[in-house]
Amino acid sequence: MLEHGKTENNAPATTVTREITVVNQLGIHARPAAAFVKLANKFQSDITIEKDGERINGKSIMGLLMLGAAQGSKLTVIANGRDAEAAVHEIEELFARKFDEN
Amino acid sequence: MQQPSIPIVTVERFFLNHAEKLQLQLVAGGAGISNRILEGAVHRPGLALAGSYKYFAYKRVQAIGAAEFAFLKSLGEAEASKRIGQLLKSKIPCLVFARNNTPPPRMQEMANEYRVPLFKTKMITLRFINAATIALELDFAPHVSEQGSMVDILGIGVLIRGESGVGKSEAVLALLERGYSLVSDDVTRIRLLEGRELVGTSSETTRYHMEVRGLGIINVPAVFGVAAVRPEKRLDLVVTLMEWNKMEEVDRIGIDQQTYSVLGMSLPHVSIPVRPGRDIGRLIEVAALDQKLKSLGHYAALEFNERLIERMRTPKP
């Protein structure tokens, strides 16, 4: 999975995998999905989400909605690219902030 | 957006715009043709003729119907003229005799003297009042010119805004090709009817024409057929075309209805990012159809989300 020697800013491409639990009450419905995709699109890394064996592209709203990730679900976030570490870190924070929903 | 203009309606304008429809004929008092009509309504001055001027609605067009005319007649010539004189002195814009009644010569002289136009119409009073009220409503409707083209898409009036060169005309052409009709190109005149409905139209000079970069001015009905134009249309949706890179945030789900304000009315608003290769005409078409669905009470994004949340709430077996 690791890709070396393709970097411009000297940071090597890495793969970061993390398990994240959905904590907001309503789960990943349309608004959180939009917030997630907006954040994911800031990163150059490919972002993949896995739930119960199903893998989707983290930059696709319809994909995220398809997961039907309710409160308490466990998702595996896999980022691959130069900014993978930062991406996973910020995604984790977004989940912890409950997608900034009131 | 321009400041909405409060229209100044003179008797002359009222007469020129509606003389034919209201069958108006000037009898006397032509010197007062530039009098202003201050309220867009018609008043029957029965009480005033009887001598009561408290709360008299002098700002409106005054109509003398069969009842008033008969009353004046019953007073005798001298008294009737005195009463009419009083009415003419009270700053009314004009006086209309319905049912083709002709004001007696003495009244005509006074109308000239006080510079108040006297008209007569063949219409019966009730029909005249109804028609004149609608006509005045049009004359008094606040209006504004918006930068943008307007197209009628299956009954949904869509104003297409966007910076010069962003591709409005191309989008409009694509829509005309699909069989929809042009209301106005580039600048749309919008007026607010009865304080609740916005109606868009084009200026008469440019009506049914489009300016397309590289092609010049084209005659739309000549190119696309007469069904490709319509003189005016209720405005239902505003679409703003934006350069892809200038759009900070694109609404990806459409749960929150954006709005755009015209003459104090909020209209549904959709911003569409433009990029070479995107079929903007098609996107506008779908936006209009989705708006049509919403007007029928179906909010696709909202309903989808509610269903999803419900599904997530139900524990899986």
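Residues numbered from 1 in each chain as written. Chains lettered and ligands numbered in written order. Predicted model: local features only at pLDDT ≥ 70, side-chain atom pairs only at ≥ 80, totals over all residues. Heavy atoms only, no water.

Right, let's talk about the overall build of chain A for a bit. Counting its secondary structure elements, chain A contains three helices and four strands. Each helix and strand of chain A, ordered N terminal to C terminal, gives the series β-α-β-β-α-β-α. Out of the 102 residues belonging to chain A, those deemed buried represent 45%. Residue pairs in contact within chain A that sit at least 24 positions apart in sequence constitute 69% of those at least 6 positions apart. Summing over all exposed atoms, chain A offers an accessible surface of approximately 5,400 Å²; the carbon and sulfur share of this is 47%. (Helix = DSSP H or I, 4+ residues; strand = E, 2+ residues; numbered from the N terminus. Buried < 20%, exposed > 50% of the residue type's maximum accessible area, 1.4 Å probe, protein only. Contact = heavy atoms within 4.5 Å. Areas by Shrake-Rupley, 256 points an atom, 1.4 Å probe, with all protein chains shown as cover.)

Right, let's get into the sheet that holds strand E11 (residues 197-201) of chain B. Strands belonging to one sheet form pairs held by backbone hydrogen bonds; the direction of such a pair is parallel or antiparallel. Residue and element names in this part refer to chain B. Judged by pairing direction, the sheet is antiparallel, and its four strands sit side by side in the order E6-E10-E11-E14 without closing on themselves. Strands with a single pairing partner mark the edges of an open sheet, and in this sheet they are strand E6 (143-147) and strand E14 (232-234). Strand after strand, the sheet turns through a mean of 30° between neighbouring axes, direction not considered. Bridge count for E11 against E14 is three bridges, and the pairing is antiparallel. Bridged to Val199 within E14 is Arg234. (Pairing = 2+ DSSP bridges. Axes fitted to C-alpha atoms, helices over the stretch in contact; angles between N-to-C directions.)

Let us look at the layout of surface pockets. The calculated volume of the largest pocket comes to roughly 1,100 Å³. As for the largest pocket, its lining consists of 34 residues, of which Asp251(B), Arg252(B), Ile253(B), Gly254(B) and Val270(B) are closest to the centre. Every element with two or more residues in the lining of the largest pocket is listed here: helix H2 (61-67) of chain A together with strand E17 (265-274), helix H9 (280-295) and helix H10 (300-313) of chain B. In this model, the second largest pocket occupies a volume close to 820 Å³. (1 Å grid on protein atoms, 1.4 Å probe; cavity = no way out; pocket = protein on both sides within 12 Å on 5 of 7 lines; lining within 4 Å. Points joined across faces, edges and corners; volume = space filled by probe spheres on them.)

Glancing now at the pairing of E17(B). Consecutive side chains of a regular strand alternate in pointing toward one face of the sheet and then the other. Residues and elements named next belong to chain B. The pairing of strand E15 (residues 237-243) with E17 spans six bridges and is classified as parallel. Among the inter-strand pairings, Glu243 is bridged to a residue of E17, identified as Val274. Bridge analysis of strand E16 (residues 258-262) against E17 gives five bridges, and the strand direction is antiparallel. Note that in E17 the partner of Gln258 across the bridge is His269. A loop of two residues connects E16 with E17, the two strands running antiparallel in sequence, and Leu263 in this loop sits at a positive phi of about 50°.

All names here are of chain A. Mapped onto the fold, Ser73 is located in the loop between H2 and strand E4 (74-81). Separated by eleven residues in sequence, Ser73 and Ala84 place their C-alpha atoms 22 Å apart. Those residues in contact with Ser73, other than ones at most four positions away along the chain, are Ile20, Thr21, Val22 and Lys51. A distance of 2.3 Å separates the side chain of Ser73 from the backbone oxygen of Ala70, its partner in a polar contact. (Polar contact = N/O pair within 3.5 Å; in protein donor to acceptor, adjacent residues only side chain to side chain.)

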